[in-house]
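Each chain, letter by letter, is given below.
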Amino acid sequence: MQEELLDAIFDAVMDGDIPGAPATVQAALDGGLDAETILRDGMIAAMTRVGELYECGDYYVAEMFTSAKALQAALVVLRPMLQQSQVQATGTVVIGTVKGDMHDIGKNLVTMMLEGAGYAVHDLGADVHPSRFVAAVEEVHPDLVALSALLTTTMPSMQATVDALTTAGLRERVKVMIGGAPVNEEYAEHIGADGYAQDASQAVSLANALMQVKAQRSA
Ligand code: B12
């Protein structure tokens, strides 16, 4: 039964069924599945498969796009559950997908989870130029800057963003965390970021840890 509910979500995302996908998620919730399982084993599993099909030439950008839309429609149903949390952190985050990169689903999930954990999140969107990160840091004085990239070709935009913060004299004021499929801990170190997390829930743990380091430094 639970397998069938997850299969229905998987198929709706794979098929790019934008009107149908939210109903499959609602049915899974009604059937007793928890939000994390639905997200991981239904929605994200389907997007991973979509990526594989694109890579081997069975899907084109158009199919990737409608699958992304179906996932985004389904996320609306899940959002309140993902945002429930017991611990309320306090901190401000500026987040964005770096310059040249239009992928925003992962970044949106990280935003949702951080908001759910009590952070005030300023989402700059996708394809964000380093100068816009700099302007946002000057404007909202965040504790953390979170950068997302899904393309190997846009990883250097992360470096450019960190460098722009340094040049503007703002690097010491914020902690920088990065994420997205092509990056890892090593790359975070390489570009002078403060940390890397591999998914949205680990992004919350990382944010909490960086907030503690920041608090200790300023104490
Ligand atoms: C959907 C999708 C698209 C959609 C994006 C829609 C949107 N609004 O986001 C569209 C169709 C627009 C698209 C376009 C392209 N795409 Co695309 N896309 C994908 C796909 C299938 C899924 C991405 C996704 O949403 N995953 C689900 C989310 C939840 O996962 P996630 O993004 O990884 O995020 C999680 C973690 O990484 C982490 N995380 C993410 N960000 C952050 C940030 C922080 C701070 C932290 C801590 C954590 C964190 O937490 C998230 C939640 O758990 C991937 C394949 C894949 N498996 O990733 C290809 C993929 C990323 N795309 C790819 C390519 C090549 C392209 C195009 C160049 C295709 C083209 N020829 O036009 C264009 C590029 C456009 C551009 N300039 O950005 C390649 C990239 C290859 C590479 N190594 O560089 C991939 C890997 C497909 C493949 N297998 O070849 N794409």
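Residues numbered from 1 in each chain as written. Predicted model: local features only at pLDDT ≥ 70, side-chain atom pairs only at ≥ 80, totals over all residues.

Chemist: Run through the site of the ligand, naming residues and quoting values.
Modeler: As a matter of local geometry, the ligand sits amid 38 residues, with Gly51, Ile105, Gly106, Ser148 and Gly179 nearest to it. Only α3 (35–55), α4 (61–82), α5 (105–116), β3 (144–148), β4 (175–179) and α9 (200–218) provide two or more residues apiece to the shell around the ligand. The dominant element in the shell around the ligand, judged by the number of residues it contributes, is α3, at 7 residues. Among the residues making up the shell around the ligand, the classes are represented as 23 nonpolar, 10 polar and 5 charged. Taken together, domain 1 (2–82) and domain 2 (92–218) each give at least three residues to the shell around the ligand, which thus spans both. (Near = placed C-beta within 6 Å. Helix = DSSP H or I, 4+ residues; strand = E, 2+ residues; numbered from the N terminus. Nonpolar A, V, L, I, M, F, W, Y, C, P; charged D, E, K, R; others polar. Domains from an automatic or database assignment.)

Chemist: Any details on the packing of helix α2 (residues 21–30) against α4? Residues and values, ideally.
Modeler: Contact geometry for α2 and α4: axes closest at 7 Å, N-to-C directions at 35 degrees. Here α2 and α4 pass one another in a crossing that is right-handed. When α2 is examined against α4, the residues Ala21, Pro22, Val25 and Gln26 are found in contact with a partner set consisting of Ala70, Ala73, Ala74, Val76, Val77 and Leu78. Split into classes, the residues belonging to the contact of α2 with α4 amount to 9 nonpolar, 1 polar and no charged. (Axes fitted to C-alpha atoms, helices over the stretch in contact; angles between N-to-C directions. Left-handed = near helix turned anticlockwise from the far one by under 90°. Contact = placed C-beta atoms within 7 Å.)

Chemist: Any chance you could break down the packing of helix α1 (residues 2–14) against α4 for me, citing the residues and the numbers?
Modeler: At a minimum axis distance of 7 Å, the contact between α1 and α4 shows a crossing angle of 135 degrees. Between α1 and α4, the angle is such that the two are oblique. Within the contact between the two elements, α1 uses Ile9, Ala12, Val13 and Met14 and α4 uses Ser67, Ala70, Leu71 and Ala74. When its residues are assigned to classes, the contact of α1 with α4 shows 7 nonpolar, 1 polar and no charged. (Parallel < 35°, antiparallel > 145°, perpendicular 65-115°, else oblique.)

Chemist: If you had to explain unusual backbone geometry to someone new, which residues and values would you point to?
Modeler: With phi around 55 degrees, aspartate 127 is a residue other than glycine that occupies positive phi space. With respect to the helices and strands, aspartate 127 occurs in the loop between β2 (120–123) and α6 (130–140). The exposure class of aspartate 127 is partly exposed, given the 17 C-beta atoms found within 10 Å. With phi around 50 degrees, histidine 141 is a residue other than glycine that occupies positive phi space. Of note, histidine 141 is situated in the loop between α6 and β3. Looking at histidine 141, the number of C-beta atoms within 10 Å reads 12, which means it is exposed. (Buried ≥ 20, exposed ≤ 12 C-beta atoms within 10 Å, placed from the backbone.)

None of the figures reported here should be taken as evidence of function without further support.
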